[in-house]
Amino acid sequence: MKKKIAIYPGSFDPVTNGHIDIIKRAVGIFDEVIVSVLSNREKKPLFTTEERMEMIKEAVKAIANVSVGSFSGLLVDYMKKHNSNVAIRGLRAVSDLDYEFQIAHINRELYPEMETVFFMPNAKYVYLSSSIVREAASFGGDLSKHLPANVKQALEKKFAK
Ligand code: ADP
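From a predicted model like this one, the values you see are computed outputs, not experimental measurements. (Residues numbered from 1 in each chain as written. Predicted model: local features only at pLDDT ≥ 70, side-chain atom pairs only at ≥ 80, totals over all residues. Heavy atoms only, no water.)

A. How the structure looks around the pattern of salt bridges. A full pass over the atoms with the stated rule returns 10 salt bridges. Glu58 serves as the salt-bridge partner of Lys61, at 2.7 Å between the closest nitrogen and oxygen. Judged by relative accessible area, which is 60%, Lys61 ranks as exposed. Given the relative accessible area of 38%, Glu58 is considered partly exposed. (Salt bridge = Lys/Arg side-chain N within 4 Å of Asp/Glu carboxyl O. Buried < 20%, exposed > 50% of the residue type's maximum accessible area, 1.4 Å probe, protein only.)

Quick look at the structure:
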């Protein structure tokens, strides 16, 4: 049988335990998950694409069948290149839905054979986002419950400068 490869695209600036929760759920269903960092300079990320990829690699190293990549440009082109027709996204609350629907419909228009599959994280991660984490870290907040240990360290280093 052909391997079912799913792509999990996002900014991951930085990866949080909410993202990790989604990755763990996704590998339970798909043969391989490629966590794919969107390389978007316009968004002025806190971490470079390479830093974001390294942090994810370290955080997922104990999870089988997960790899890490990056892309710029259209997600659908990247998916086709990796022989994938499944994009994974996380849904925290109804507030995510409007934006996620827009992306999913545009992507479907561009690549009709693909499916966007949504996963719900554990309730404890519903209020967690990379932007909240960046803001709290900039004020020295303790984020150990919300972040992989290596990400917590990287954030502390970033804001110690
Ligand atoms: P993007 O800029 O593409 O929204 P993010 O890194 O913020 O990138 O999020 C990537 C995906 O992960 C999105 O589908 C987002 O809804 C989901 N996500 C982000 N944080 C969480 C979380 N705490 N729990 C579940 N899913 C999440």
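After presenting the structure, the write-up continues.
B. Expanded view of unusual backbone geometry. With an omega of 0°, the peptide bond running from Asp13 to Pro14 counts as cis. Topologically, Pro14 is positioned in the loop between strand S1 (5-10) and helix H1 (17-27). At Phe12, a position not held by glycine, the phi torsion is positive, near 45°. Phe12 gets classed as buried once you look at its relative accessible area, which sits at 2%. The phi dihedral of Asn65 is positive, around 65°, even though this residue is not glycine. (Helix = DSSP H or I, 4+ residues; strand = E, 2+ residues; numbered from the N terminus.)

C. The arrangement of the site of the ligand in detail. The immediate surroundings of the ligand are formed by 17 residues, with Tyr8, Ser11, Lys43, Gly90 and Leu128 found nearest. Contact between the ligand and Ser11: an oxygen atom at 2.7 Å from a side-chain N or O atom of the residue. Here Glu100 contributes a side-chain N or O atom positioned 3.1 Å from an oxygen atom of the ligand. Its free accessible area being 540 Å², the ligand has 91% of it covered by the protein chains. Looking at the shell around the ligand, the elements that each hand over two or more residues are S1, H1, strand S4 (86-90) and helix H4 (94-110). Looking at the shell around the ligand residue by residue, the class counts come to 7 nonpolar, 5 polar and 5 charged. (Near = heavy atom within 4 Å. Polar contact = N/O pair within 3.5 Å; in protein donor to acceptor, adjacent residues only side chain to side chain. Areas by Shrake-Rupley, 256 points an atom, 1.4 Å probe, with all protein chains shown as cover. Nonpolar A, V, L, I, M, F, W, Y, C, P; charged D, E, K, R; others polar.)

D. Expanded view of the packing of aromatic side chains. Inspection of every chain in the model, using the stated rule, returns 2 aromatic pairs. Measuring from centroid to centroid gives 5.0 Å for Tyr8 and Phe12, while their planes differ by 85°, and the two rings are edge-to-face. When sorted by exposure, Tyr8 lands in the same class as Phe12, which is buried. (Phe/Tyr/Trp six-rings, centres within 6.5 Å; stacked < 30°, edge-to-face > 60°.)

E. Molecular detail of the environment of Leu128. With respect to the helices, strands and loops of the structure, Leu128 is situated in the loop between strand S5 (115-119) and helix H5 (130-138). Separated by 20 residues in sequence, Leu128 and Arg108 have C-alpha atoms that sit 28 Å apart. Beyond its immediate chain neighbours, meaning those up to four positions away, Leu128 contacts Thr16, Asn17, Gly18, Arg92, Val133 and His146. (Contact = heavy atoms within 4.5 Å.)

F. View of H5. Turning to H5, its buried residues number three or more, namely Ser130, Val133 and Ala137. Axial view of H5: buried residues confined to an arc of 60°, hence all on one face. Lining the buried residues of H5 we find H1 and helix H6 (149-160). One or two positions beyond H5, positive phi appears at Gly140, with a value near 80°. (Arc of directions from axis to C-beta.)

G. Inspection of the nonpolar core at higher detail. Counting residues in hydrophobic clusters, the biggest one holds 31 residues, and the most contacted among them are Tyr8, Ile23, Val35, Ile56, Val60 and Ile88. When contributions to this core are tallied by element, the ones reaching two or more residues are S1, H1, strand S2 (32-38), helix H2 (49-59), strand S3 (66-71), S4, H5 and H6. Ranked by the residues each element gives to this core, the list is headed by H1, at 4 residues. Discounting residues that sit within four places of it in the chain, Tyr8 has contacts with His19, Ile22, Ile23, Val33, Ile34, Val35, Ser36, Ile88, Arg89 and Gly90. Within the second largest apolar cluster, 11 residues are counted, among which are Phe71, Tyr78, Ala87 and Tyr111. (Core = buried A, V, L, I, M, F, W, Y, C linked by side-chain atoms within 4.5 Å.)

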